[in-house]
Amino acid sequence: MDITDARAECNAVVDAVSRSVIADREFLETVLLGVLARGHVLLEDVPGTGKTLTANSLASALGLSFSRIQFTPDLLPADVTGTHVFDESEGTFDFTEGPIFANVVLADEINRAPPKTQAALLEAMAEGQVTVDGDTHQLPRPFFVIATQNPVEQAGTFPLPEAQVDRFLVKRSIGYPDADGERELLQRRLGRTERSPSIEPVLDGDRVRALREVPESVRVDDDLVTYIADIARETRTRNRVDVGVSPRGTQRLLEAARARAVVVGRDYVTPDDVKRVAGPVLAHRLVLTPDASVDGTSKAAIVEQVLDSVSVPTLE
C-alpha cells in the first residue's frame, strides 16, 4: 500500500466514524494515529461525550473484532486475560480466553480497577501477549486498546501509574459538541425509533495490517530527528516539570509524526507534523512539580512552551 492509498483509506475510516460520532475531525484523526502508529489511546473526558461510541464505531469501520471491558474495583486480572478451566471429560486444564482477546479493546473507566488488574494490561499493551500461569498467549493482530477515564470523579478510583500512562501513544479529550453538533444530537434523539446510523466496515484485518506498515516508509530527515530529540530533552529541563518525557515518549513522538504525515498524504515528516501531535503524545507523560500543580499549570501549556523554545528546522 502506498501513501496515496493509505491516505484514502484513512479518510474513508474517519468519514465512516464521523457518521456515528459527533466530534471534531481532528480528534478522530488523532485517535486513528493510535492505529497507524501501533500504539494505544487514552480518552479522558466527562461522561456522555461519546468515548465508548468512538471506540465501537472505529472497530466497526476498521472491520475488526471489538471487546468492551468495564473496569470496576472488584475486577480481577483473570477477568481480563482469561484463565485455565478444568475439563473433567479430558482431565486437563484448558485455557479460556478473556475479553482482552480482540483486535480493538475498550478499557472503560480503566482507573476504577485496582492496580493489580490495571497491570494485567501492561504486557498486552507492550508485547501484544498475555501470560497466564506461566503460559504465554499471543493476542490477535492487530491489537489496539482504547482506554477511558473520567477526570472529574475521583471516588472509588485508582490513578494510573506513570509506567502505564507512558504506554499510551496519545491522550485526548473529545470535548463538548459545538452548537450544530448539539442540535444534531437532538435530531437523532427525535428519530430514536428509526434505525440509528450504522457503521459499515471500510477495511478488514489484512488491510489494517497493511495500513500500519505504511508509516515505516515515511522519510524523516536528520534535522527532524534532531528536532524531535531536542523537544523531548527540553521537557526535562523545565523548572515546573518533575519528570520529563521518557525515551519511549521520544520514540512515540517520531512514530506519531510519521503517522500524521500518512494521514495528510505525505511521504516525509515536516515540523508541522511534529507540532500537531506533540500535545497529545507528550503532555500526559509529564509529571509536574507540586508547585506547578498548585498554581494550576497545565501539562499542555508546558508542551506549548517547549515547542516555542526549540528551534524549528527549515526543510529544503
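Our subject is the structure that appears above.
Residues numbered from 1 in each chain as written. Predicted model: local features only at pLDDT ≥ 70, side-chain atom pairs only at ≥ 80, totals over all residues. Heavy atoms only, no water.

Peer 1: Whenever I open this one, the overall build of the protein chain confuses me. Can you help?
Peer 2: Scanning the protein chain from terminus to terminus reveals 14 helices and 11 strands. The C-alpha atoms of the protein chain give 20 Å as radius of gyration, which agrees with the globular expectation for 316 residues (20 Å, within 12%). Referenced to the eigenvectors of the C-alpha coordinate spread, the extents of the protein chain come out at roughly 70 × 45 × 40 Å. Each of the 316 residues in the protein chain was classed as buried or not, and the buried ones make up 47%. Here the analysis covers contacts within the protein chain between residues at least 6 apart in sequence; of these, 77% occur between residues at least 24 apart. Carbon and sulfur atoms make up 48% of the accessible area of the protein chain, which amounts to about 15300 Å² in all. (Helix = DSSP H or I, 4+ residues; strand = E, 2+ residues; numbered from the N terminus. Rg over C-alpha atoms; globule rule 2.2 N^0.38 Å. Buried < 20%, exposed > 50% of the residue type's maximum accessible area, 1.4 Å probe, protein only. Contact = heavy atoms within 4.5 Å. Areas by Shrake-Rupley, 256 points an atom, 1.4 Å probe, with all protein chains shown as cover.)

Peer 1: Which parts of the structure should I look at to understand the nonpolar core?
Peer 2: Where a protein is soluble and globular, its nonpolar side chains tend to be buried together. Ranked by internal contacts, the top residues of the largest apolar core, which has 68 residues, are Val-13, Leu-58, Ile-231, Leu-253 and Val-274. Setting aside its immediate chain neighbours within four residues, Leu-253 contacts Ile-228, Ile-231, Val-274, Val-277, Ala-278, Val-281 and Leu-282. Membership of the second largest hydrophobic core comes to 23 residues, among which are Leu-42, Phe-71, Ile-110 and Val-145. (Core = buried A, V, L, I, M, F, W, Y, C linked by side-chain atoms within 4.5 Å.)

Peer 1: Where do I start with the sheet that holds strand β8 (residues 144–149) in this structure?
Peer 2: One key point about sheets: their strands pair by backbone hydrogen bonds, in either a parallel or an antiparallel sense. A sheet is described by the order of its strands in space; here 5 strands give the open sequence β2-β5-β8-β1-β9, paired in parallel fashion. The open sheet has two edge strands, β2 (66–70) and β9 (170–172), and neither has a second partner. Between one strand axis and the next, the sheet turns by 20 degrees as a mean value, whatever way the strands run. Examined bridge by bridge, strand β1 (residues 41–44) and β8 share 4 bridges and lie parallel to one another. Its bridge partner being in β8, Glu-44 is matched across the sheet by Gln-149. (Pairing = 2+ DSSP bridges. Axes fitted to C-alpha atoms, helices over the stretch in contact; angles between N-to-C directions.)

Peer 1: How should the packing of aromatic side chains be read in this particular structure?
Peer 2: Two aromatic rings are characterised by how far apart their centres lie and by the angle between their planes. Inspection of the entire model under this criterion finds 1 aromatic pair. Judged by centre distance (5.9 Å) and plane angle (65 degrees), the ring pair of Phe-95 and Phe-101 falls under edge-to-face. (Phe/Tyr/Trp six-rings, centres within 6.5 Å; stacked < 30°, edge-to-face > 60°.)

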